[in-house]
Amino acid sequence: MRVECAKFFGRLRLLAVWTIAVGLSYLTVNVLAMEQEVTMVRIGVLPSWSNVIGAAQRHNNSDMSSQFILVDLNIINAKTLYEKIDKVYKTIKASNVHVVIGPYDSAYQLATESLQIPYLSTSAVAKNAQNEYTFQVLPEMKWSADAILDIVQAYGWSRISLFYDDEKGISVLERLMTNHSMTVKAWRLPNKASNGQRQSIRDALVEMRKVLIETTVVLCSKETVNILLDQARDLAMLSIPPYGWLFYDPGDDIKILFESYRDISCNFTVLTLLPFNFSLPSGSQSRLNYSLASDALKLVSSAYNIIAENTQASNNSLTDISLKFWMNRVLRNSNVTGLTGMLQFNAHGRRNNFYLTLTSFTGVENYLRGYWYSEPYVMDLQLKFFDIQYAVNITSPFPLKGRKAQVVMIEEKPFTSLKRDHMLLKGNNRFEGFAVELIADIAEMLDFEYEIYLVNDGKFGNKLPNGEWNGMIGELLAGNATMSVAPLSINAQREEAIDFTKPFKTRYISVLMKIPTRETSYFEFLNPLSPVVWICTMCAFVIVSVILYILERVGRSKDTQEVEITVRESFWFIFGSLLQGNTDSTPTTIPGRILTSAWWFFALILISSYTANLAAFLTVKKINTPIKSVTDLAQQTKIKYGTVKDSGIMSFFKNTNIEHFAKMWAQMSEIEPGSMVDNTTEGFKKIKTDDYAFFWDTTVNKFQTLIDCEVMEIGPYFDPKGFGIGVPPGATYKEELSMAILRLSDKGRLHELEAKWWYGGNCPDLSKASADETSSLQIENVAGVFFILVGGIIFAAIVCMGEYFANAMIKASRQASGKKRDDKKKETYAGAVQDPAEKDSFL
């Protein structure tokens, strides 16, 4: 409907012009009658455009072949511009052409303007050029710049990168800059093949990623776009999300390049002058040149038909002069629809009232996205979008299979280290560690090759004041690495720069210190028992010795033949029993033996306890350090402490709001010079040589305590974070890596690697025995044996008293029975002996 209305109004304008000019034609009818009648239009073609015009003539309309004669306006050996203009002028005049078609050339433009011959330019015309007879078939770049701005605003892009390789990019840049809420960064790319072209394009993409721009407008030649897409793919910058690409391609030439990217889900929008799914006839090379040449021929053909019809209706002959006269006027009021849309021109000969086509490419399919109209009808939108024909959240993994990934690592035991014989090895065989085995398992699972290299500056990755990133993150952003497999902790600042996979290990922060020199003493053997126990033992020794003497003294029979135990022998016997030695004398009485049994039991328990505790004191290192926990460091100034520069741990101390950690940061960064080290190797060395405490990951600190028995780890652990594989921003193979990590975890492979690299070692585990856990035996620990000893003393005393009273009673009974026997004997003898002398002698 739009096209038919435009044709109708165009016919009306043409009729009005024809009516006004009929009088002038009548005045010149006699002159025209003298000219030869024209039956075919002679079209002058610029050099190298004969083939293009010829192809368009053959394929556009079969009737055109009988209307046109193509004249090649080839100019040879023109040394100066003036000479070229002169030769062009003479050639056109001698050839008697009615119209000229071809790319813009100032010499041809000046000649046609002078000869009053229409010049249909298929490229941009100079802004200051005289254009009374010059027509620009290709729409002006300002319209395309307006279209690009409208599309970008409709997409909601606020940060844009612009790549261009010729002057038309400047027009778009100027137009985009009119939107002050939009940030635009532009790069002009080399448009000629050279050794540095590919590297320059890659550097521009890397710079784009460093400044975190994810939406791009491209105005480049097909060759430059091919290199740009190839490098962008290598840098994983084509995926949905987050990247969006808008290409300005009026000839729709780059669509064939997208065939190489059907295996990924990309977000390409192409702004073109040609209709959707335009088919190029076989034998043609440039789609845009063919289309513009075809439209130029259609303009000439339509104008010729109109002029011929009106000339015939007025009974006049169509001559060279009349054809040239009317051709310019009819072209200015043309209303023809060609391959590139409506063919209309304004008063200055510039193309107007046309539309641009938006085509979207998602990798696997392409579809019509919408139109942009240069002069929309009233109440119509200038930019018209159609419904999206694919899911907005469509994603597909960026394939790793079949690629050779560059894996950046940092030398950090036990994650990555060089083997002892690495000088004799090549490639990945030079390295060993947890991270090396992890990436080997992932590569085998995902079927891709990889090459490991160590980061040059030895940094993990920190944002510098100038906005650049160093370390492994800098390698990822620079496009040198496909991924980083290292103890790189995930934090907010790094997450803004790159993407991370699911964590493959969790780390905390702890302090690594040198084990203080063990305190030695000449009387170390006294430590197993507390002073109170020693005093009580000595008192027991004296008391038992005295009691044993008393018991032996009291309980010993006077008529026994055994050797009597003296006080000295009693002390010696008790002392010998305590030390499990032999003595010459032994108790003979029952109370003494009961007391000795109690003493022996007492000595057995006490000596066993002493021996066990002494062994613990001799095998366990007693560490007397003023630092019992991490927070103790903030309360002292004797021991310096720090961490690695530009590391995640430094960022934690720098940004934390916890009081004692903030105090530590002030101490590390301002008060104590030299507290920060360049790498962990320097930090471990500083621990051994200086009075220094080193904050680092528990994973590394724990391993260091296994291989170095002179250092110890101090807690409590704090700031838990995960270690993830870092990938460039937007790299969708992140999901593949994450799934591989989860599968390895489910199979127990991660636990196997952890057990391999973090368990073992010959150093004692200081976390299981400290100075507080190995202490002297207190009186409370051995009070029971003292109670048993006292019970034995009491029992022996009771037995001794029982024996004493029993013996006394037996003795008294014996004495009484003996007296009775003596009295009876006396009486018997007295009765038997009468002689007093015998009686007295008897008595």
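Computed from a predicted model, the values in this text were never measured in an experiment. (Residues numbered from 1 in each chain as written. Predicted model: local features only at pLDDT ≥ 70, side-chain atom pairs only at ≥ 80, totals over all residues. Heavy atoms only, no water.)

*Asks:* What's the story with the overall build of the protein chain in this structure? I'm lost.
*Replies:* When its secondary structure is counted, the protein chain shows 25 helices and 27 strands. Taking all 843 residues of the protein chain together, the buried fraction comes to 48%. Pairs at least 24 residues apart make up 70% of the contacts formed inside the protein chain by residues separated by at least 6 positions. For the protein chain, the accessible surface area stands at approximately 42400 Å², while carbon and sulfur atoms represent 54% of it. (Helix = DSSP H or I, 4+ residues; strand = E, 2+ residues; numbered from the N terminus. Buried < 20%, exposed > 50% of the residue type's maximum accessible area, 1.4 Å probe, protein only. Contact = heavy atoms within 4.5 Å. Areas by Shrake-Rupley, 256 points an atom, 1.4 Å probe, with all protein chains shown as cover.)

*Asks:* Sorry, what's going on with the sheet that holds strand β5 (residues 134-136) here?
*Replies:* Pairing between the strands of a sheet comes from backbone hydrogen bonds, and it takes one of two forms, parallel or antiparallel. Reading across the sheet, the five strands line up as β2-β1-β3-β4-β5 and stay open at both edges, with parallel pairing between neighbours. Each edge of the open sheet is held by one strand with a lone partner, namely β2 (68-72) and β5. On average, adjacent strands in this sheet sit at an angle of 25° to one another, irrespective of strand direction. Strand direction decides the pairing type here: strand β3 (residues 99-102) and strand β4 (residues 119-121), joined by three bridges, are parallel. Bridge pairing in β4 places Gly102 opposite Ser121. (Pairing = 2+ DSSP bridges. Axes fitted to C-alpha atoms, helices over the stretch in contact; angles between N-to-C directions.)

*Asks:* Sorry, what's going on with the confidence of the model for the protein chain here?
*Replies:* For any part of a model where pLDDT is low, the fine detail of the predicted coordinates should not be relied upon. Averaged over the protein chain, the pLDDT score is 79; the fraction of residues at 70 or greater is 82%. Confidence drops under pLDDT 50 across residues 14-34; counting only partners more than four residues distant or on other chains, this segment forms 14 contacts. Note that residues 391-396 has pLDDT below 50 and, in this model, nine contacts with residues that lie over four places away or in other chains. (pLDDT = per-residue confidence, 0-100.)

*Asks:* Whenever I open this one, the environment of Phe163 confuses me. Can you help?
*Replies:* Position of Phe163 among the secondary structure elements: in strand β6 (residues 159-164). Along the sequence, Phe163 and Cys220 sit 57 residues apart, while their C-alpha atoms lie 7.1 Å from each other. When near neighbours in sequence (up to four residues on either side) are disregarded, Phe163 contacts Trp187, Leu189, Ala204, Leu205, Met208, Thr216, Val217, Val218, Leu219, Cys220 and Leu228.

*Asks:* Where do I start with the pattern of salt bridges in this structure?
*Replies:* Side-chain pairs of opposite charge can arise where the charged atoms are in close proximity. Counting across every chain of the model gives 24 salt bridges. Salt bridges sharing common partners tie together Glu437, Asp441, Arg749, Glu752 and Lys756. (Salt bridge = Lys/Arg side-chain N within 4 Å of Asp/Glu carboxyl O.)

*Asks:* Even after reading the chapter, I still don't get helix α23 (residues 749-758), so can you show me in this structure?
*Replies:* Given 3.6 residues per turn, any residue in an α-helix points the same way as the ones three and four places further on. By the burial criterion, the buried members of α23 are Leu750, Leu753, Trp757 and Trp758. When α23 is viewed along its axis, its buried side chains cluster within an angular range of 100° and face the same direction. Opposite the packed face of α23, turned more than 90 degrees from it, sit the exposed residues His751 and Lys756. Those residues of α23 hidden inside the fold are in contact with β19 (431-432), α12 (434-446), β23 (505-514), α21 (698-707) and α22 (733-746). (Arc of directions from axis to C-beta.)

*Asks:* I keep staring at the UniProt feature "transmembrane region" (unreviewed entry) in the protein chain and nothing clicks. Help me out?
*Replies:* Mapped onto the present numbering, the UniProt feature "transmembrane region" (unreviewed entry) falls at residues 12-33, 532-551, 598-620 and 782-806. In residues 532-551, the share of helix is 100% and the share of strand is 0%. The end C-alpha atoms are 28 Å apart. (UniProt positions renumbered as here; feature names shortened; annotations may be inferred.)

*Asks:* Explain the nonpolar core here, please?
*Replies:* Where a protein is soluble and globular, its nonpolar side chains tend to be buried together. If you look at the biggest cluster of nonpolar residues, it comprises 85 residues, and the most contacted ones within it are Ile439, Ile442, Phe448, Met483, Phe653, Met664 and Phe695. Those residues within four positions of Met664 in sequence are excluded, and the remaining contacts are Val630, Thr631, Leu633, Ala634, Tyr641, Phe653 and Phe695. In terms of nonpolar packing, the next biggest core, distinct from the first, is built from 64 residues, Ile148, Val152, Ala296 and Val300 among them. (Core = buried A, V, L, I, M, F, W, Y, C linked by side-chain atoms within 4.5 Å.)

*Asks:* Even after reading the chapter, I still don't get a nonpolar patch on the surface, so can you show me in this structure?
*Replies:* A contiguous nonpolar patch, built from Val542, Val546, Ile550, Val554, Met801, Tyr804 and Phe805 and spanning about 610 Å² of accessible area, is present on the exposed surface. Mapped onto the nonpolar patch, the elements with two or more residues apiece are α15 (531-555) and α24 (779-832). Looking at which element gives the most residues to the nonpolar patch, the answer is α15, with four residues. Assignment of secondary structure puts Val554 in helix α15. (Patch = residues over 30% accessible without salt bridge, like charges linked within 9 Å, V, L, I, M, F, W, Y side chains within 5 Å.)

*Asks:* So what exactly am I meant to see when it comes to the sheet that holds strand β15 (residues 366-373) here?
*Replies:* Read across the sheet, eight strands follow the order β7-β6-β8-β9-β10-β14-β15-β16 without closing on themselves; strand pairing throughout is mixed. Pairing within the sheet leaves two strands with one partner each, and these edge strands are β7 (183-188) and β16 (383-385). Neighbour-to-neighbour, the strand axes of this sheet turn through a mean angle of 20°, independent of strand direction. Strand direction decides the pairing type here: β15 and β16, joined by three bridges, are antiparallel. Along β16, the bridge assignment pairs Tyr371 with Lys384.

*Asks:* Would you mind showing me how to read the layout of surface pockets here?
*Replies:* One water molecule sets the probe size; rolling that probe over the atoms shows where empty space is left. Reported here for the largest pocket is a volume of approximately 1000 Å³. If you trace the largest pocket, you find 38 residues lining it, with Ala124, Leu138, Met141, Asp166 and Lys168 closest to the centre. Where the lining of the largest pocket is concerned, the elements lending two or more residues are α6 (141-155), α7 (168-176) and α10 (287-313). Per-class residue counts for the lining of the largest pocket are 15 nonpolar, nine polar and 14 charged. (1 Å grid on protein atoms, 1.4 Å probe; cavity = no way out; pocket = protein on both sides within 12 Å on 5 of 7 lines; lining within 4 Å. Points joined across faces, edges and corners; volume = space filled by probe spheres on them. Nonpolar A, V, L, I, M, F, W, Y, C, P; charged D, E, K, R; others polar.)

*Asks:* When you look at empty space enclosed by the protein in this model, what are you seeing that I'm missing?
*Replies:* In this structure the tally under the stated criterion is two cavities of 30 Å³ or more. Taken as a whole, the largest cavity spans an internal volume of roughly 60 Å³. Forming the walls of the largest cavity are Phe460, Pro487, Leu488, Ser489, Arg494, Arg507, Ser647, Gly648, Ile649, Trp696, Asp697 and Phe723. Residue assignment for the lining of the largest cavity shows that the elements contributing at least two residues are α18 (648-655) and β25 (692-697). Within the lining of the largest cavity, the residues separate by chemical class into six nonpolar, three polar and three charged.

*Asks:* Can you help me understand unusual backbone geometry in this one?
*Replies:* Trans is the common state for peptide bonds, and a negative phi is the common state for residues other than glycine. Between Lys413 and the following residue, Pro414, the backbone shows a cis peptide bond with an omega angle of 5°. Looking at the secondary structure, you find Pro414 in the loop between β17 (404-409) and β18 (417-418). Although it is not a glycine, Asp252 adopts a positive phi angle of roughly 55°. Relative to the helices and strands, Asp252 is located in the loop between β9 (244-248) and β10 (268-272). By relative accessible area, Asp252 is classed as buried at 7%.

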